[in-house]
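# Summary of structural features
Now for the letters of each chain:
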Amino acid sequence: MQAAVLHHLGGPFSVEEVDLLAPGPGEVRVRLAAAGVCHSDWHMVVGDLHRPLPVILGHEGAGIVEALGPGVTAVQPGDPVILNWAPDCGHCFYCSRAQPALCETFAPVRRSGTMLDGTTRFRINGESVCQFSTLSTFAEACIAPQQACIPIQRDIPLDIAALVGCAVTTGVGAVLNTAQVKSGESIAVYGCGGVGLNILQGAALVGAHPIIAIDQAPAKMDIARQFGATHALMAGADTEAEIRELTGGRGADYVFEAIGLTAVQEAAMAAVRPGGALVIVGVAPLDSSARFSTFEMHVREKRILGCFYGSTVTRRDFPRILDLYRAGKLKLDELISKRYPLEQINEAYADLLEGDIRRGVILFDGVQPNG
Ligand SMILES: [Zn+2]
Ligand SMILES: [Zn+2]
């Protein structure tokens, strides 16, 4: 089977033949239908985040269950599933506190590039190839822990479902779960990529106002309004002043940073009103640290909320997001701006870095997007 392999930092991806071992105990083989082209994978390519090489990246995906390892009870062959890149064991300290993305069973495994038993399931000429977040969706099929397979109903197109596996859940979850924004509260979002657009529509869903989008690409202004922004601002020296002007001179109740740049995080903190919160959603490089005035945090009660995977509980939130999509309350079809075959994955990332697209999706042969 074909997969996009990263052999060297900096890339490019090499689409080549790889072997996939049989699923082990508690594991599932999933035939991928679609995989989202997410910026987080690019952080691995350029070395902002570290994983052992060679590795098959891709963490946003949906497909059909093909085969089960011993002891799997969560899914059956033929089930359409969304892959959850932060699987949870269900019984550790964090899982018991509804914070499954922090699961202490799976978090170290995600970072090691292996499965739970410390080994991988991909081989090239008999040599082990690392997995990404226990998945690896830039491949025609992958082995996933059963905890990473969330079954969905058959009416959902699988390219749409793939996006729910990361960008949609992260963005909408940042609003609903992490910040818990309420009707009438003001928000600003720095960065209108795949995650930022979903923060905007999550904010529209809960009746936030105003909803202020900030990006440096002129093409994003109209797109941001389409996804719920009441105001779209070109990023610049006046951005903070413009946000204040739209929020009674105070700053926004919640400011979301959806890029992962420390300079933007610092600018975003300046746009938070006293008593409000900065929400860190974007993936920053491993060794980055921003500078904030702790005096301001003290006297103005400004808070910082870390947001990992939208603070999601996937078994609760994936079905909830799909229900809202069916009801026309979340725009998911409109998120996809371009579809690519796996062979064009390098082109897909070039387009992502150009910044003129919403979300690119890799479509695989043999599995129809509508299941
Ligand atoms: Zn992602
Ligand atoms: Zn756990």
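### Some remarks on the side chain of Gln146
Inspection of the secondary structure assignment puts Gln146 in the loop between strand 10 (141-145) and strand 11 (149-151). A polar contact of 3.0 Å, which involves the side chain of Gln146, links it to the backbone nitrogen of Thr73. At 3.1 Å, the side chain of Gln146 and the backbone nitrogen of Ala74 are in polar contact. Non-local contacts of Gln146, meaning those with residues more than four positions away in its chain, are made with Gly26, Glu27, Val28, Gly71, Val72, Thr73 and Ala74.

### So, the nonpolar core
If you look at the biggest cluster of nonpolar residues, it comprises 108 residues, and the most contacted ones within it are Phe138, Ile187, Ile199, Leu200, Phe256 and Ile362. No other element matches the 7 residues that strand 4 (residues 27-37) contributes to this core. Counting only domains with at least three residues in this core, you end up with domain 1 (2-167 + 312-363) and domain 2 (170-309). Among residues more than four places away in sequence, those in contact with Ile199 are Gly171, Ala174, Val175, Ile187, Val189, Phe256, Ala258 and Val281.

### As for the coordination of the zinc ion (ligand 2)
Every protein donor of the zinc ion (ligand 2) is accounted for by Cys89 (SG), Cys92 (SG), Cys95 (SG) and Cys103 (SG), and the metal-donor separations fall at 2.3 to 2.4 Å. In terms of primary sequence, the donors binding the zinc ion (ligand 2) are separated according to C-x2-C-x2-C-x7-C.

### Quick notes on the sheet that holds strand 12 (residues 187-190)
Strand order in the open sheet made by the 6 strands is 14-13-12-15-16-17, with parallel pairing throughout. Each edge of the open sheet carries a strand with a single partner, namely strand 14 (231-234) and strand 17 (303-306). Between one strand and the next, the sheet's axes are offset by a mean angle of 20°, whatever the strand orientation. Sheet topology note: the strand 12/strand 15 (residues 252-257) ladder contains 4 bridges and is parallel. When the bridges of strand 15 are listed, Ile187 appears paired with Tyr254. The strands touched by helix 5 (residues 194-205) are strand 12, strand 13 (211-215) and strand 15; relative to strand 12, the strand with the most contacts, the crossing angle is about 170°. This element, helix 7 (residues 239-246), spans strand 12, strand 13, strand 14 and strand 15 of the sheet and lies at about 160° to strand 14.

### Topic: the side chain of Asp88
Within the secondary structure, Asp88 is located in the loop between strand 7 (80-83) and helix 2 (107-112). Polar side-chain contacts of Asp88 include one of 2.5 Å to the side chain of Arg315.

### Focus on the coordination of the zinc ion (ligand 1)
The coordination sphere of the zinc ion (ligand 1) contains the protein donors Cys38 (SG), His59 (NE2) and Cys166 (SG), at a distance range of 2.0 to 2.2 Å. Each donor residue of the zinc ion (ligand 1) lies on the same chain, and together they follow the pattern C-x20-H-x106-C. Remark: His59 occurs in the loop between strand 5 (55-56) and strand 6 (61-68) and Cys38 occurs in the loop between strand 4 and helix 1 (39-46); sequence separation between them is 21 residues. His59 matches Cys38 in its accessibility class, with the two residues each being buried.

### Considering the packing of helix 1 against helix 11 (residues 345-354)
For the pair helix 1 and helix 11, interaxial distance at closest approach is 11 Å and the crossing angle is 105°. As judged from the angle between their axes, helix 1 and helix 11 are roughly perpendicular. Packed against helix 1, whose contacting residues are His39, Asp41 and Trp42, the element helix 11 presents Tyr349, Leu352 and Leu353 at the interface. A per-class count over the contact of helix 1 with helix 11 returns 4 nonpolar, 1 polar and 1 charged.

### With respect to unusual backbone geometry
Between Gly11 and Pro12 the backbone carries a cis peptide bond, its omega angle lying at 0°. Here Pro12 is to be found in the loop between strand 1 (2-6) and strand 2 (14-17). Here the bond from His209 into Pro210 is cis, since omega is -10°, no more than 30 degrees from zero. Relative to the elements of secondary structure, Pro210 occurs in the loop between helix 5 and strand 13. You will see that Thr134, though not glycine, has its phi angle at about 60°, which is positive. One non-glycine residue, Ser311, lies in the positive phi region at around 45°. Note on placement: Ser311 falls in the loop between strand 17 and helix 10 (314-326). Ser311 sits in the partly exposed class, given a relative accessible area of 29%.

### Comments concerning the environment of Pro52
Here Pro52 is to be found in the loop between helix 1 and strand 5. By relative accessible area, Pro52 is classed as partly exposed at 34%. The spatial distance from the C-alpha of Pro52 to the C-alpha of Cys149 is 24 Å, given a sequence separation of 97 residues. With sequence-adjacent residues up to four places away left out, Pro52 is seen in contact with Arg111, Ser112 and Cys130.

### Some details on the packing of aromatic side chains
Applying the stated criterion across every chain, the model contains 7 aromatic pairs. Seen in terms of ring centroids, Trp42 and Tyr349 are 5.5 Å apart; in terms of plane orientation they differ by 20°. Their pairing is stacked. Within this pair, whereas Trp42 is found in helix 1, its partner Tyr349 is found in helix 11, the two being separated by 307 residues in sequence. Residue Trp42 shares its accessibility class with Tyr349, and that shared class is buried. Between Trp85 and Phe308, the aromatic rings sit 5.3 Å apart at their centres with planes inclined by 80°, giving edge-to-face as the arrangement. A residue pair is termed long-range when its members are at least 10 positions apart, and Trp85 in the loop between strand 7 and helix 2 and Phe308 in the loop between strand 17 and helix 10 qualify at 223 residues. The structure contains a cluster of three or more aromatic residues connected by ring pairs, namely Phe13, Trp42, Phe138 and Tyr349. The residue whose ring lies beneath Arg97 is Phe93, and the NZ or CZ to ring-centre distance is 3.7 Å.

What counts and what doesn't
- Residues numbered from 1 in each chain as written.
- Chains lettered and ligands numbered in written order.
- Predicted model: local features only at pLDDT ≥ 70, side-chain atom pairs only at ≥ 80, totals over all residues.
- Heavy atoms only, no water.
- Helix = DSSP H or I, 4+ residues; strand = E, 2+ residues; numbered from the N terminus.
- Polar contact = N/O pair within 3.5 Å; in protein donor to acceptor, adjacent residues only side chain to side chain.
- Contact = heavy atoms within 4.5 Å.
- Core = buried A, V, L, I, M, F, W, Y, C linked by side-chain atoms within 4.5 Å.
- Buried < 20%, exposed > 50% of the residue type's maximum accessible area, 1.4 Å probe, protein only.
- Domains from an automatic or database assignment.
- Donors = N, O, S within 2.8 Å, 3.2 Å for Na, K, Ca; no water.
- Pairing = 2+ DSSP bridges.
- Axes fitted to C-alpha atoms, helices over the stretch in contact; angles between N-to-C directions.
- Parallel < 35°, antiparallel > 145°, perpendicular 65-115°, else oblique.
- Nonpolar A, V, L, I, M, F, W, Y, C, P; charged D, E, K, R; others polar.
- Phe/Tyr/Trp six-rings, centres within 6.5 Å; stacked < 30°, edge-to-face > 60°.
- Lys NZ or Arg CZ within 6 Å of the ring centre and 35° of its normal.

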